[in-house]
Each structure stands twice: as C-alpha cells, then as structure tokens.
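Residue-level listing of the chains:
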Amino acid sequence: MSMSMSMYSISLRIRGRRCCVIGGGRVAERKVEGLLKAGGEVLVISPELTARLREWHARGKIEVRLRPYCEGDLQGAVLVFAATDDPAVNAAVCAEAEQRGIWVNDAADPQRSTFHVPAVLRRGGLQIAVSTSGAGPLLARKIRDELAEQYDEGYEDFVRLLAQLRQRLKELDLDEHIRHASYKRWIADRRRLIDWLKERDMGREPEGELQDLVQELLEQMLAAPLPERTHGASGAEAEQQQEESRR
Ligand SMILES: C[C@@]1(CC(=O)O)C2=NC(=C\c3[nH]c(c(CCC(=O)O)c3CC(=O)O)Cc3[nH]c(c(CC(=O)O)c3CCC(=O)O)/C=C3\N/C(=C\2)[C@@H](CCC(=O)O)[C@]3(C)CC(=O)O)/[C@H]1CCC(=O)O
Ligand SMILES: NC(=O)c1ccc[n+]([C@@H]2O[C@H](COP(=O)([O-])OP(=O)(O)OC[C@H]3O[C@@H](n4cnc5c(N)ncnc54)[C@H](O)[C@@H]3O)[C@@H](O)[C@H]2O)c1
C-alpha cells in the first residue's frame, strides 16, 4: 500500500479531449459514463459491448472500434483506461500508455495504474471525490452515498449563486476584510440560503432571476453591520471567533 498511499488528487478538464477505454464490459461502461459527464471525447475499443455502450454508440455519444486492442490505438489520447478481463491485454495497454507518456488506469491493478478513479458525488459545480487509494473501492462508494444525504441537491443551485455572488463581490471595490467576511458569512449561512433557493424553485428560474437574488443579497450585506475586525488575534483565531459567535 505504501506506493498508493501517496496519490495526488486533481480535477481534469477533459472536454473535447480524447479518452481511450479498452474493453466494453461493466467496468468500462462505468468509466465511460464518468468521462461523458465531463464532456470527454470517448473512444471505446472492444470486440464486445454492454447494452448501454451500444446505445451510446448508436446515439453518437461515443466512438467505437469493435475489435480487440492493437498497439497504436492510444495515439492522441490524454487518458487511457485498461478495462478488459485479460491481464495480459491490460498490461500491454499500460505499457503503450507509459511509453507515450499518457496517464493510465488498469481496472484490475491499482499499483500499475498511474491514476485511480474516485467515487464522486456531483452537485453541479460542487464535486466531492472519495478515494481510498485502492484500499477498498466499496468503502469509497459507501462514504460517497453517505455524503449524498448531507450535501443534497440544493447545493447545485447554491454553488451557482455563490459563483455569481463572488463575481459581483470582486467587482465592488470593497476592503478585502469586508469582502472576505461577507463571503464567509454566506458560506456559514448556506443552509438558510439553500432553503431560500428551494422555496423560490431556482432550478427552473431563468438566469435573470438569479441575478435579482444576487442583488438582494449584496444589498443586505452592504446594509448589515459586518463582524468586527478582531485585533490581536491571528487570521485563523479571528475566523474561529466569528464562527463561534454565529452559533
Ligand atoms: C470508486 C470506483 C470508481 C469507478 O470505478 O468509477 C472504483 N471502483 C468502484 C467500484 C468497484 N470496484 C470493485 C467492485 C467490486 C467489489 C469489490 O471487489 O470490492 C466495485 C463495485 C461495483 O463494481 O459495483 C472492485 C475492484 N476495484 C479495483 C479492483 C482491483 C484491485 O483492487 O486490485 C477491484 C477488484 C477486481 C477483482 O477482484 O476482479 C480497483 C479500483 N477501483 C477504483 C475505483 C480505484 C480505487 C478507488 C479507491 O480506492 O477509492 C481502482 C484502484 C482503480 C480504478 O478503477 O480507478 C467505483 C465505485 C464508485 C461508483 O460506483 O460510482
Ligand atoms: N476497477 C474497478 O472498479 C473494477 C471493478 C470490478 C472489477 N474490476 C476488474 O476489471 C476487469 C473488467 O471487469 P468487467 O466486469 O468489466 O469484465 P467484463 O467481462 O464484463 O468485460 C470485459 C471486456 O473486455 C473486453 N475485451 C476482452 N479482450 C479484449 C481485448 N483484447 N481488447 C479489447 N477488449 C477486450 C471484452 O469484450 C469485454 O467487453 C476485471 O479484470 C475485473 O477484475 C475492476
């Protein structure tokens, strides 16, 4: 486990970039689903496909080569998934990827993989990725499912709102302390804001309505007295004090 203990987590922008998936079974299907959600250009190479992969192909969502993997298939890919049930084929795919300098995931060999796929909770712009570094993927899935209750669908609209609030806040030429304090207050108050968004059914509101809410919140913020700057306390301590005074 020592090697996989030191994995490094990032979020990749794969929209419009080629991602190769070798194999067309259940595992390949799950990886393809995640790639499509992020707008990847998916190429699947496999003599057989699951029903869903066939359907995605028929609807033009993925490209397919209905044959076994051949050396050279990985040309132009930024990410590669070796997801066949044949360890020798997966090993050959990994070798070509390594030789080309492409990140590769071997579905059956965490140590050989140069990246792992986490279990992901998606709430629009908010994504919570859970990884056990290969120790137990089912634990990752379980934790993701538990987090899904705490971080409910309401977060999708909240992160949209937050993005706009932050943008408008940057445009107002405010003192940095005030800017940070307001921003932190919205985060601390998120449950109330999420319920408020739910009441207004923001999911169906046009973008213009969200702008009105943003305006309302900014006006509230400018009208309300801001938390006192805590003299003598470090940034972290001041933050802690603010948190406590809110409870
Ligand atoms: C999180 C998730 C993401 C995803 O795949 O999208 C994911 N596996 C998921 C499910 C799952 N995996 C397995 C089962 C069957 C039950 C079981 O055996 O436990 C199920 C359940 C099912 O299939 O329903 C078995 C399994 N998985 C790996 C091996 C090889 C080995 O460990 O040696 C074996 C044994 C194969 C065998 O023995 O034949 C390896 C990997 N699996 C990873 C990720 C990476 C580590 C992530 C981490 O540690 O957190 C890593 C290293 C590589 C990778 O694939 O990236 C996804 C759940 C999330 C979701 O559902 O959305
Ligand atoms: N990482 C994970 O999350 C995870 C989860 C479960 C299982 N696994 C492992 O992943 C592997 C695949 O599991 P599965 O359930 O998808 O298997 P599966 O039997 O459903 O699918 C295997 C696929 O590989 C294809 N294939 C076989 N030889 C090929 C070749 N030469 N070129 C291209 N494609 C080829 C087959 O056509 C088939 O579509 C297994 O080794 C399993 O142990 C990994």
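This text follows the structure it describes.
If you're wondering where the values come from, they're calculated on a predicted model, not measured in any experiment. (Residues numbered from 1 in each chain as written. Chains lettered and ligands numbered in written order. Predicted model: local features only at pLDDT ≥ 70, side-chain atom pairs only at ≥ 80, totals over all residues. Heavy atoms only, no water.)

Student: Help me understand the site of ligand 2 in this model?
Tutor: The full set close to ligand 2 counts 20 residues, and Gly24, Val27, Arg30, Tyr69 and Ala107 are the nearest of them. Between ligand 2 and valine 27, the relevant distance is 2.9 Å, taken from an oxygen atom to a main-chain nitrogen or oxygen of the residue. In this structure, a nitrogen atom belonging to ligand 2 sits 2.9 Å away from a main-chain N or O atom of alanine 107. For ligand 2, whose free accessible area comes to 860 Å², the fraction covered by protein is 69%. Of the residues assigned to the shell around ligand 2, the class counts are 10 nonpolar, 5 polar and 5 charged. (Near = heavy atom within 4 Å. Polar contact = N/O pair within 3.5 Å; in protein donor to acceptor, adjacent residues only side chain to side chain. Areas by Shrake-Rupley, 256 points an atom, 1.4 Å probe, with all protein chains shown as cover. Nonpolar A, V, L, I, M, F, W, Y, C, P; charged D, E, K, R; others polar.)

Student: So what exactly am I meant to see when it comes to the side chain of glutamate 96 here?
Tutor: Mapped onto the secondary structure, glutamate 96 falls in helix 4 (residues 87-100). One polar contact links the side chain of glutamate 96 to the main-chain amide nitrogen of glycine 72, over a distance of 3.0 Å. Those residues within four positions of glutamate 96 in sequence are excluded, and the remaining contacts are Tyr69, Cys70, Glu71, Gly72, Asp73, Leu74 and Gln75. (Helix = DSSP H or I, 4+ residues; strand = E, 2+ residues; numbered from the N terminus. Contact = heavy atoms within 4.5 Å.)

Student: Would you mind going over the nonpolar core with me for this structure?
Tutor: The tendency in soluble globular proteins is for nonpolar side chains to be buried side by side. Of all hydrophobic cores here, the largest spans 20 residues; its most connected members are Phe158, Leu161, Leu165, Trp186, Leu217 and Leu218. Of all the elements in the fold, those that place two or more residues in this core are helix 6 (154-171), helix 8 (190-199) and helix 9 (207-223). Not counting the four nearest positions on each side in its chain, leucine 161 is found in contact with Leu197, Leu210, Leu213, Val214 and Leu217. Of all hydrophobic cores here, the second largest spans 17 residues; its members include Leu35, Leu53, Val64 and Leu79. (Core = buried A, V, L, I, M, F, W, Y, C linked by side-chain atoms within 4.5 Å. Buried < 20%, exposed > 50% of the residue type's maximum accessible area, 1.4 Å probe, protein only.)

Student: Explain the side chain of arginine 144 to me, please; I cannot follow it from the model alone.
Tutor: Inspection of the secondary structure assignment puts arginine 144 in helix 5 (residues 137-150). Note on arginine 144: relative accessible area 19%, which makes it buried. Among the polar contacts made by the side chain of arginine 144, one reaches the main-chain carbonyl oxygen of valine 120 at a distance of 3.2 Å. If we ignore the near neighbours within four places in the chain, the residues touching arginine 144 are Ala119, Val120, Leu121 and Val130.

Student: Mind showing me how you'd approach the site of ligand 1 here?
Tutor: In the region of ligand 1, 21 residues are neighbours, and Lys31, Val117, Thr132, Gly134 and Arg141 sit closest. The backbone of glycine 134 places a nitrogen or oxygen atom 2.7 Å from an oxygen atom of ligand 1. Look at ligand 1: alone it shows 1100 Å² of surface, and the protein chains cover 69% of it. Elements with a contribution of two residues or more to the shell around ligand 1: helix 2 (26-37) and helix 5. Looking at which element gives the most residues to the shell around ligand 1, the answer is helix 5, with 5 residues. Residue composition of the shell around ligand 1, grouped by class: 10 nonpolar, 6 polar and 5 charged. Two domains each provide a minimum of three residues to the shell around ligand 1, namely domain 1 (11-117) and domain 2 (118-150). (Domains from an automatic or database assignment.)

Student: Whenever I open this one, the packing of helix 2 against helix 3 (residues 51-58) confuses me. Can you help?
Tutor: When two helices pack together, their arrangement is given by the angle between the helix axes and by the axis-to-axis distance. It is the contact of helix 2 with helix 3, at a shortest axis distance of 9 Å, that shows an interaxial angle of 35°. Judged by the twist between their axes, the crossing of helix 2 over helix 3 is left-handed. Only Arg52, Leu53 and Trp56 of helix 3 make contact with helix 2, whose side of the interface consists of Glu29, Val32, Glu33 and Leu36. Among the residues forming the contact of helix 2 with helix 3, the class breakdown is 4 nonpolar, no polar and 3 charged. (Axes fitted to C-alpha atoms, helices over the stretch in contact; angles between N-to-C directions. Left-handed = near helix turned anticlockwise from the far one by under 90°.)

Student: Would you take a moment to explain the sheet that holds strand 2 (residues 41-45) for this structure?
Tutor: In sheet architecture, strand pairing relies on hydrogen bonds along the backbone and comes in two forms, parallel and antiparallel. What the 5 strands build is an open sheet, ordered 3-2-1-4-5; its pairing is parallel. Among the strands making up the open sheet, the edge pair consists of strand 3 (63-65) and strand 5 (103-106). Averaged over all pairs of adjacent strands, the angle between their axes in this sheet comes to 15°, without regard to strand direction. As paired elements, strand 2 and strand 3 share 3 bridges and run parallel to each other. (Pairing = 2+ DSSP bridges.)

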